[in-house]
Amino acid sequence: MACEELGYLRLMKLIRAFEERVDRLFVEARIHGTTHLCIGQEAIPVGACAAIRPSDLASGSHRGHGLALAKGLVPNRLMAELLGRRDGYCQGKGGTQHVASLEHGFLGTNGITGGGIPIATGAALAAKLRRTGQVVLSFFGDGATNQGTFHESLNMAAIWRLPVVYVCENNLYAMSTAIRDAAAVERLAVRATAYGMPGATIDGNDVLEVREAVARAADRARSGGGPCLLECTTYRHHGHSKSDAREYRTREEEECWLALDPILRSERRLLGAGELTPEALKRLDAEVSAEVDAAVDFAEASPPLDPGLAAEGVFA
Amino acid sequence: MACEELGYLRLMKLIRAFEERVDRLFVEARIHGTTHLCIGQEAIPVGACAAIRPSDLASGSHRGHGLALAKGLVPNRLMAELLGRRDGYCQGKGGTQHVASLEHGFLGTNGITGGGIPIATGAALAAKLRRTGQVVLSFFGDGATNQGTFHESLNMAAIWRLPVVYVCENNLYAMSTAIRDAAAVERLAVRATAYGMPGATIDGNDVLEVREAVARAADRARSGGGPCLLECTTYRHHGHSKSDAREYRTREEEECWLALDPILRSERRLLGAGELTPEALKRLDAEVSAEVDAAVDFAEASPPLDPGLAAEGVFA
Amino acid sequence: MPQMSYAEAIRRALAEEMERDERVVLLGEDIGLYGGAFRVTRGLIQRFGPERVLNTPISENGFVGVAVGAALVGLRPVVEIMFMDFIALAMDQIVNHAAKLHYIYGGQARVPLVIRTPAGAGRGYGASHSQSLEAWFVHVPGIKVVAPSTPRDAHGLLKAAIRDDNPVLFVESKLLYGAKGDVPDPDEVCPIGRAAVARQGEDVTLIAYSRMTVLALEAAARLEEHGIRCEVLDLRTLAPLDEEAILASVARTARAVIIEEDTRRGGVGAEVAAVIAERGFRGLDSPLRRVACADCPIPCSPTLEEAILPSVDKIVVAVESLI
Amino acid sequence: MPQMSYAEAIRRALAEEMERDERVVLLGEDIGLYGGAFRVTRGLIQRFGPERVLNTPISENGFVGVAVGAALVGLRPVVEIMFMDFIALAMDQIVNHAAKLHYIYGGQARVPLVIRTPAGAGRGYGASHSQSLEAWFVHVPGIKVVAPSTPRDAHGLLKAAIRDDNPVLFVESKLLYGAKGDVPDPDEVCPIGRAAVARQGEDVTLIAYSRMTVLALEAAARLEEHGIRCEVLDLRTLAPLDEEAILASVARTARAVIIEEDTRRGGVGAEVAAVIAERGFRGLDSPLRRVACADCPIPCSPTLEEAILPSVDKIVVAVESLI
Ligand SMILES: Cc1ncc(C[n+]2csc(CCOP(=O)(O)OP(=O)(O)O)c2C)c(N)n1
Ligand SMILES: Cc1ncc(C[n+]2csc(CCOP(=O)(O)OP(=O)(O)O)c2C)c(N)n1
Ligand SMILES: [Mg+2]
Ligand SMILES: [Mg+2]
């Protein structure tokens, strides 16, 4: 278990380093547009993807770089996508909110809040009808649970007993809106009741807890037991997107949650268990930092697609 | 109580006579288009509207003639609307699926399944913000609870504590689709849990039970207690619309439900309590039948709107 | 193959393609035992079973999205939207997802999805069950739009749509479901993107699609009695639009009347007119005309409904105004 | 009144109308403390309180429907859809309800509802945050569509929209939010339905709206150096369209180029072209031209995005091709 956690820690660190670099690239105006960083939430994609098979599928929200990397996409090509370059997974056409890699079973991030939920559900329908044995993870935020697509999708998954695990990353806010102001329930997991499916709230900042919960849910789904809803509590450390001064939450609240940082927790656990030494930790940090440096180099060396081809490729 | 029930019985009989006449007018090709009869479900609109004030508001589904009459619309003008005549409530432009009478607080039937739910919710928002003291009844079928609008609306009503009562007429089927195949829950009332609002299942074929439940819900809503969801079990005696051979349900099931007919039940109760004599019952039947005759006469005497004006009135 | 109705032609095309390719599955409300509101899918659940003919809950955006997801990973879903008006609920999944994924994923993904839906008024169904909203989709890059006027084209275009690797909106006409015609060859596939000359003539081109082609042909027959020889061009596909066929016909006749059942402002006819005004202007002798539904919601009352819809009379008047 | 930005002009119009009429309430995602994604409503919740500035959950179809219901019984809601792309989720409530109720209820009901939303690309936001979908609504009877190009018109048209008893789609331009201009009179209301001549010229009419007017003016300035005098007509309202103004200008210049940021096929420009081809044909000397976004989703990469959008260069080329 512990040595596996080392791998998770490494991946979480990679995601964080990647996101921090993206943040800096924005500040330096080397990326344009917008982006939604998942710093603070890394344990959820990492734990969840550790619990499934490479052949399984996953679909993400707008806050999806972490899931992309956890699902096996490589930093180089992901970074190239964010920079709008030809070697990005989508040739720079998709960008941060619509990056996918079907060969990795990654159905894409999604700029439409709640938009990926029916798509993940449909992928699960295909898996069931084609008897592929695949399970689908559908990621979305707390705010997305107020979309009609959430309701309609979970209902269909339940009546058809589809192999899908709904992973709600409840980071307490949808942009500036606290979930306590946007839903009159204490726990979003209770929403599973409306579909006759199991729902559970877990600590989304504990990578092992996430892995266990998703593993159980995925096993159940794979063996025909149907879908379930996992609410993973977490917190985003940064603002919603680049231009957010976080006026809607207090610095005290942020402090509390920073102390619950999933990376810190894994580090502490591993150091305590002697699975990790301070030196190894430094090496790890240096490694992921180098990997991200390389990704930026790769991305910046990749040209954008020929603008003359911009309007090509609309139809298959 | 019992003498009040006499009034309800009369209204239920009026609705049924009205619907049976509509059915016949279709067979005779004196009405065109489509229609959805509420025969068998009369106790719900009658009981519900008995529990609210005339100044309160209501919005209906596509199966809404009963609610229209219970909300105070008169058979003459409703029939004229169905026949597409000038004296219809909407000049014949709305028809069966879009008939409204704002002066009666009737916000309309609605041809879009689930389409009326946010509208009713918005009317409740207006009532709350303007402090009118009004309550809104939002009627819809079991099938409509699978629409995103249901989810989004109930959620908003809950977080804003709006004065709205959601009345789900669960007649077991949405067109040919049994609700047990379209939702994986035993009782639709549990869906209230997802919004932190109370939900209850009541016998929708008992006009007094409906009245009591709606009265409690409306009082609570009016005094700032927020919305609730009432699932009223019932059964439609006829097909979904005119061209339905009812292959998706058994004649045995129909028999069972016919025995639970809400009109029969009120009749029996009133006859048993001596509040009604067989003669009075006959008179009642004759009265409502005459009222419906008059409505048809009125409607057929009303001309259609001048076709030259058909495209007028798009903008206020 | 014998004469068959437009509905039957669609049903056959579905069955043939389901037979041919087991990835083809149907989704929609009440499409199983009930056969859909217009009974188009009647009998298919008995033949192909409930795993390939899926009755959905009433969740238009949801089940279209489910179909998009299923298409993305290897199925070829054909979705029925019971009335085209309800497609308003599913716009996000169609426009922001189905139509875009191939392009924005840089060509990695295909979304072989067909959305079948009946459009059109004339049955007294009222404002929420009568619209013709195809113009919205003509404006959306990444989705093809077809709208056949005959059983043969309905059959052949549906087969092409199902075999296409892109999302296709297949617009059916409620009023044509019962119309009969020859469907000579069960294997005939009608290519998407090609208009057809439904009648030849020299004086004016009537450009139409779906049921309006039938009206245009009637008007042409009537106008012939007045000595006016109309060419009738049946667009069949609205996106991509067969601009060459339009321009070729208008170049011959130098006059055009566009007939569409959707409401006039911003309708499909506007695009046709724009194409002619841009690319066919030099050969044009007189102003273009559009015969369309009046710019108002469809009233339920049949007399009012009739008043606002295109008709043979209105086409005749429009043509005569040009000559 | 001093110079102010387009965003500030909108904010002022909202505040003035809320001051003037307590039935005006705002609904939308994060429009309270946060002030909306583009900060247009910033400060209004402090001034008018949370009962009049309602933060909604992420439920576009739902909260637009809530606004329809509220409008039906006496409020005058102004809804913000954070990005126009998300309006796809709310089409049913806008099209099947808001736009139709006045008509189908036989005149009993009014739906005084404004839907504000930012359209347009050019910020690298990608396919789901960059579309210009106004053509859909131009095609929907019962809703007005306005799309101002200046702070002054944004202010005056928004006031008119809020006072209008009909649903109005108020299309804002993301890229213009920071653009400054005079807003001389806080009481000025700009009538819906009237285009404005933004520049006079004799050789060719450039017909544009929203941000494209700004590009058209730049192109006109550049073309003047080549001796080509362009008239620039800023449509301002897209539905109802000011056909008379279009026809009058084209009658003077005998040439027209239509500039629109939406995708070309079936866009707003198609309707403008159709109107000219029907009603202004006789005075036209050369083919019409449309300068529009290419028919593809908006790519995220800024270089690709720029390549498909209209530009001053493309307008200049189109004009020169006519002369
Ligand atoms: C349909 C739609 N509505 C609104 C938005 C704007 N938006 C982007 S992210 C977001 C908040 C989402 O909150 P949540 O689901 O909790 O995810 P988080 O950002 O917290 O990860 C909103 C409102 C959108 N992208 N799509
Ligand atoms: C958006 C939409 N989808 C589908 C339909 C077609 N339709 C009309 S009524 C109906 C069934 C509704 O079932 P339910 O809500 O249970 O009401 P009931 O007919 O049983 O009263 C359907 C599918 C519709 N009118 N609107
Ligand atoms: Mg969140
Ligand atoms: Mg039902």
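Presented here is an overview of the structure given in this document. (Residues numbered from 1 in each chain as written. Chains lettered and ligands numbered in written order. Predicted model: local features only at pLDDT ≥ 70, side-chain atom pairs only at ≥ 80, totals over all residues. Heavy atoms only, no water.)

What about the interface of chain C and chain D?
1) Next: Listed per partner, the contact involves 48 residues of chain C and 49 residues of chain D.
2) Next: Across the chain C/chain D interface, buried area totals approximately 4400 Å², and carbon plus sulfur atoms make up 60% of it.
3) Next: When the area that chain C buries against chain D is broken down by residue, the three leading residues are His139, Arg265 and Glu278 of chain C, summing to 19%.
4) Next: At the boundary of chain C with chain D, the tally comes to six salt bridges.
5) Next: Between glutamate 278 of chain C and arginine 264 of chain D there is a salt bridge; the shortest N-O distance is 2.7 Å.
6) Next: At the boundary of chain C with chain D, the tally comes to 29 residue pairs in polar contact (both at pLDDT 80 or more).
7) Next: When contributions to the side of chain C that touches chain D are tallied by element, the ones reaching two or more residues are α4 (91-98), α5 (101-104), α6 (134-138), β13 (256-263), α10 (268-279) and β14 (289-293) of chain C. (Contact = heavy atoms within 4.5 Å. Buried area = accessible area lost by both parts, 1.4 Å probe. Salt bridge = Lys/Arg side-chain N within 4 Å of Asp/Glu carboxyl O. Polar contact = N/O pair within 3.5 Å; in protein donor to acceptor, adjacent residues only side chain to side chain. Helix = DSSP H or I, 4+ residues; strand = E, 2+ residues; numbered from the N terminus.)

Here's the deal with the coordination of the magnesium ion (ligand 3)
All names here are of chain A.
1) Next: At 2.0 to 2.1 Å from the magnesium ion (ligand 3) lie its protein donor atoms, namely Asp142 (OD), Asn171 (OD1) and Tyr173 (O).
2) Next: Ordering the donors of the magnesium ion (ligand 3) by residue number gives the pattern D-x28-N-x1-Y. Of this pair, aspartate 142 sits in the loop between β3 (136-141) and α6 (148-160) while tyrosine 173 sits in strand β5 (residues 173-174), and the two are 31 residues apart along the sequence.
3) Next: Given the relative accessible area of 1%, aspartate 142 is considered buried. (Donors = N, O, S within 2.8 Å, 3.2 Å for Na, K, Ca; no water. Buried < 20%, exposed > 50% of the residue type's maximum accessible area, 1.4 Å probe, protein only.)

Some thoughts on the pairing of β13 of chain C
All names here are of chain C.
1) Next: In terms of burial, β13 is a largely internal element, eight of the eight residues being buried.
2) Next: Here strand β10 (residues 204-208) pairs with β13 via three bridges, running parallel. Paired with isoleucine 207 across the two strands is isoleucine 258, which belongs to β13.
3) Next: Considered for its hand, the β-α-β crossover made up of β13, α10 and β14 is right-handed. (Pairing = 2+ DSSP bridges. Right-handed = clockwise from strand over helix to strand, strands pointing away.)

Quick look at the interface of chain A and chain B
1) Next: With 21 residues of chain A at the contact, the number on the chain B side is 21 residues.
2) Next: Three residues stand out in chain A for area buried against chain B, namely His151, Ala184 and Ala194 of chain A, and they jointly supply 31% of the buried area on that side.
3) Next: Our count for the contact surface shared by chain A and chain B stands at zero salt bridges.
4) Next: Where chain A packs against chain B, one counts twelve residue pairs in polar contact (both at pLDDT 80 or more).
5) Next: Counting residues per element, the ones that place at least two in the side of chain A that touches chain B are α6 and α7 (179-182) of chain A.
6) Next: Here the element with the most residues in the side of chain A that touches chain B is α6 of chain A; it accounts for seven residues.
7) Next: Of the residues contributing to the side of chain A that touches chain B, the split by class is ten nonpolar, eight polar and three charged. (Nonpolar A, V, L, I, M, F, W, Y, C, P; charged D, E, K, R; others polar.)

Describing the nonpolar core
1) Next: Met79 of chain A, Met79 of chain B, Trp136 and Phe137 of chain C together with Ile87, Trp136 and Phe137 of chain D are the most contacted members of the largest nonpolar core, which totals 446 residues.
2) Next: Discounting residues that sit within four places of it in the chain, methionine 79 of chain B has contacts with Phe18, Arg21, Val22, Leu25, Val292, Ala295, Val296 and Ala299 of chain B. (Core = buried A, V, L, I, M, F, W, Y, C linked by side-chain atoms within 4.5 Å.)

Keep in mind these values describe shape, not function.
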